[in-house]
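Residues per chain, in single letters:
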Amino acid sequence: MSSIPKKSLMLFSGRAHPELAEEIAKELDVTITPQQAYDFANGEIFVRFEESVRGSDAFVIQSHTDPINQWIMEQLIMIDALKRASAKRITAVVPFYGYARQDKKHRGREPISARLVADMLKTAGADRIMTIDLHTDQIQGFFDGPVDHLLANKVLAEHLRDTYADHELAVVAPDSGRVRVAEKWADMLGGVPLAFIHKSRDKTKPNEVVANRVVGEVTGRTCILVDDMIDTGGTIAKATEALLADGAKDVVIAATHGVLSGPAVERLSTCGAREVIITNTLPIPDSKRFPSLTVLSIAPIIARAVKEVFEDGSVTNLFDGNA
């Protein structure tokens, strides 16, 4: 008995960000596999796929947005269902990786929750993780299997080049820990000057910056303030104010993940930034949008990476060998 090997790509979407999943499906010219998904009265999640998944190359798309624990659990349940239904390979597509900021212990008796999330995905049955702009690169090593770490800076930098081509630019890191990332940005934008914000932070008080000081020459320049995520907006807003006080002509904020918790919208819309650019790795409802906010689609990059993984191609080549 013999058979010709056949591969089938199947996309699955959780309920956290279906709009992004539909964009990815459109880019790939496939459809999202239909499923039943609902919550019981006590909060338990139920998922059942309505088509056979046996032997498929399954991609489970779920962005860990608020309420983050519910959507992580739903993705785990979806992966478990696929494993038990004999999917051949399961890739967890996580545009925004939950708990990524908890990647190390700052003090005793603290968890490393980013590792815990990786362990849970592996235990559920994920063979591979695909994600975008992790808070720190070391998280790739938390998962015992391939991790496709995609980069959003090409999408963001292309918008910046098109919009601010005639401006004198400087790239600014919001803290010393992001300087290496900012250096890559500076190169992508044509070797523009680099600066960073020296800040002090009380580790016992999350989302609270104590002081800011600009290190580098920013006077008269349009400063591109880059980061991986904007949560409550405190760090970015204070950095913007510090840059403008130090003589910057304009400040443009560019970040991959728009978490936009609590007072973020108010802070970003009143901090003096000319434009705030994010991607749609997380859903951005109308209530979180404001005139200076620009949301770029990350779907084409994810779709191309999914296609490369399915065809056993190179994801790294999508990013000029830098991913």
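Residues numbered from 1 in each chain as written. Predicted model: local features only at pLDDT ≥ 70, side-chain atom pairs only at ≥ 80, totals over all residues. Heavy atoms only, no water.

Observations concerning the UniProt feature "binding site: ATP" (unreviewed entry) in the protein
Phase 1: This chain's UniProt record puts "binding site: ATP" (unreviewed entry) on Asn-42, Gly-43, Glu-44, Arg-101 and Gln-102. Spanning 61 residues, the named residues are also spread out in space, since their farthest C-alpha pair is 29.5 Å apart.
Phase 2: For Glu-44, the contacting residues outside a window of four places in its chain are Tyr-38 and Asp-39.
Phase 3: Along the polypeptide, Arg-101 turns up in the loop between strand 5 (89-94) and helix 3 (113-124). (UniProt positions renumbered as here; feature names shortened; annotations may be inferred. Contact = heavy atoms within 4.5 Å. Helix = DSSP H or I, 4+ residues; strand = E, 2+ residues; numbered from the N terminus.)

Quick look at the packing of helix 1 (residues 18-28) against helix 8 (residues 299-310)
Phase 1: Direction vectors running N to C along helix 1 and helix 8 enclose 55°, while the axes themselves pass 8 Å from each other. Taken together, the axes of helix 1 and helix 8 lie oblique to each other. Here the hand of the crossing between helix 1 and helix 8 comes out right-handed. Taking contact as the criterion, the partners of Leu-20, Glu-23, Ile-24, Glu-27 and Leu-28 in helix 1 are, on helix 8, Ala-299, Pro-300, Ile-302, Ala-303, Val-306 and Lys-307.
Phase 2: The class makeup of the residues in the contact of helix 1 with helix 8 is eight nonpolar, no polar and three charged. (Axes fitted to C-alpha atoms, helices over the stretch in contact; angles between N-to-C directions. Parallel < 35°, antiparallel > 145°, perpendicular 65-115°, else oblique. Left-handed = near helix turned anticlockwise from the far one by under 90°. Nonpolar A, V, L, I, M, F, W, Y, C, P; charged D, E, K, R; others polar.)

Looking at the pairing of strand 1 (residues 9-13)
Phase 1: With respect to burial, strand 1 is a largely interior element, four of its five residues being buried.
Phase 2: Strand direction decides the pairing type here: strand 1 and strand 4 (residues 57-61), joined by five bridges, are parallel. Of the residues in strand 4, the one forming a bridge with Met-10 is Ala-58. (Buried < 20%, exposed > 50% of the residue type's maximum accessible area, 1.4 Å probe, protein only. Pairing = 2+ DSSP bridges.)

Digging into the packing of aromatic side chains
Phase 1: Applying the stated rule across the entire model yields four aromatic pairs.
Phase 2: A ring pair is formed by Tyr-38 and Phe-40, whose centres lie 5.7 Å apart and whose planes are at 75°; its orientation type is edge-to-face.
Phase 3: Taking relative accessible area as the criterion, Phe-40 reaches 40% and is therefore assigned partly exposed.
Phase 4: What links up through ring pairs into an aromatic cluster is the set Tyr-38, Phe-40 and Phe-46.
Phase 5: Note that Lys-7 overlies the ring of Phe-310, its terminal NZ or CZ placed 4.8 Å from the centroid. (Phe/Tyr/Trp six-rings, centres within 6.5 Å; stacked < 30°, edge-to-face > 60°. Lys NZ or Arg CZ within 6 Å of the ring centre and 35° of its normal.)

Some thoughts on the environment of Arg-274
Phase 1: The topology assignment puts Arg-274 in the loop between helix 7 (264-270) and strand 13 (275-279).
Phase 2: Put simply, Arg-274 and Lys-249 are 25 residues apart on the chain and 9.9 Å apart in space, counted from C-alpha to C-alpha.
Phase 3: If we ignore the near neighbours within four places in the chain, the residues touching Arg-274 are Tyr-164, His-167, Asp-250, Val-251, Val-252 and Ser-292.
Phase 4: Of the polar contacts made by the side chain of Arg-274, one reaches the side chain of Asp-250; its length is 3.1 Å. (Polar contact = N/O pair within 3.5 Å; in protein donor to acceptor, adjacent residues only side chain to side chain.)

Focus: a negative patch on the surface
Phase 1: Residues Glu-19, Glu-22, Glu-23 and Glu-27 make up a contiguous surface patch of negative charge.
Phase 2: Along the chain, Glu-22 falls in helix 1. (Patch = residues over 30% accessible without salt bridge, like charges linked within 9 Å, V, L, I, M, F, W, Y side chains within 5 Å. Areas by Shrake-Rupley, 256 points an atom, 1.4 Å probe, with all protein chains shown as cover. Salt bridge = Lys/Arg side-chain N within 4 Å of Asp/Glu carboxyl O. Lys, Arg positive; Asp, Glu negative; His and termini not counted. Charge placed at Lys NZ, Arg CZ, Asp CG, Glu CD.)

As for the UniProt feature "binding site: Mg(2+)" (unreviewed entry) in the protein
Phase 1: In this numbering, the UniProt entry assigns the feature "binding site: Mg(2+)" (unreviewed entry) to His-135 and Asp-175. The named residues occupy 41 residues along the chain; their greatest pairwise C-alpha distance, 13.2 Å, places them in one compact cluster.
Phase 2: Since its relative accessible area comes to 23%, His-135 is described here as partly exposed.
Phase 3: Setting aside anything within four residues of it in sequence, one finds His-135 in contact with Ala-100, Arg-101, Arg-178, Asp-228 and Met-229.
Phase 4: Tracing the chain through its elements places Asp-175 in the loop between strand 8 (169-173) and helix 5 (179-188).
Phase 5: Taking the relative accessible area as the measure of exposure, Asp-175 reaches 17% and is therefore buried.
Phase 6: Apart from the residues lying within four places of it in its own chain, the contact partners of Asp-175 are Phe-196, Ile-197 and Lys-199.

A word on the pattern of salt bridges
Phase 1: All chains considered together, the criterion is met by 16 salt bridges.
Phase 2: The salt bridge partner of Asp-103 is Lys-104, with a shortest N-O separation of 3.8 Å.
Phase 3: Residue Asp-103 is classed as buried on the basis of its relative accessible area, which comes to 3%.
Phase 4: The shortest N-O distance in the salt bridge between Glu-110 and Arg-107 comes to 3.5 Å.

Concerning unusual backbone geometry
Phase 1: In this chain, Asp-66 is followed by Pro-67 through a cis amide linkage whose omega measures 0°.
Phase 2: With respect to the element layout, Pro-67 can be found in the loop between strand 4 and helix 2 (68-84).
Phase 3: Residues other than glycine seldom take positive phi values, yet Arg-109 does so here, at roughly 65°.
Phase 4: Relative to the helices and strands, Arg-109 is located in the loop between strand 5 and helix 3.
Phase 5: Even without being glycine, Asp-133 reaches a positive phi, approximately 45°.
Phase 6: With respect to the helices and strands, Asp-133 occurs in the loop between strand 6 (128-132) and strand 7 (147-150).
Phase 7: Here Asp-133 falls in the buried class, since its relative accessible area comes to 16%.

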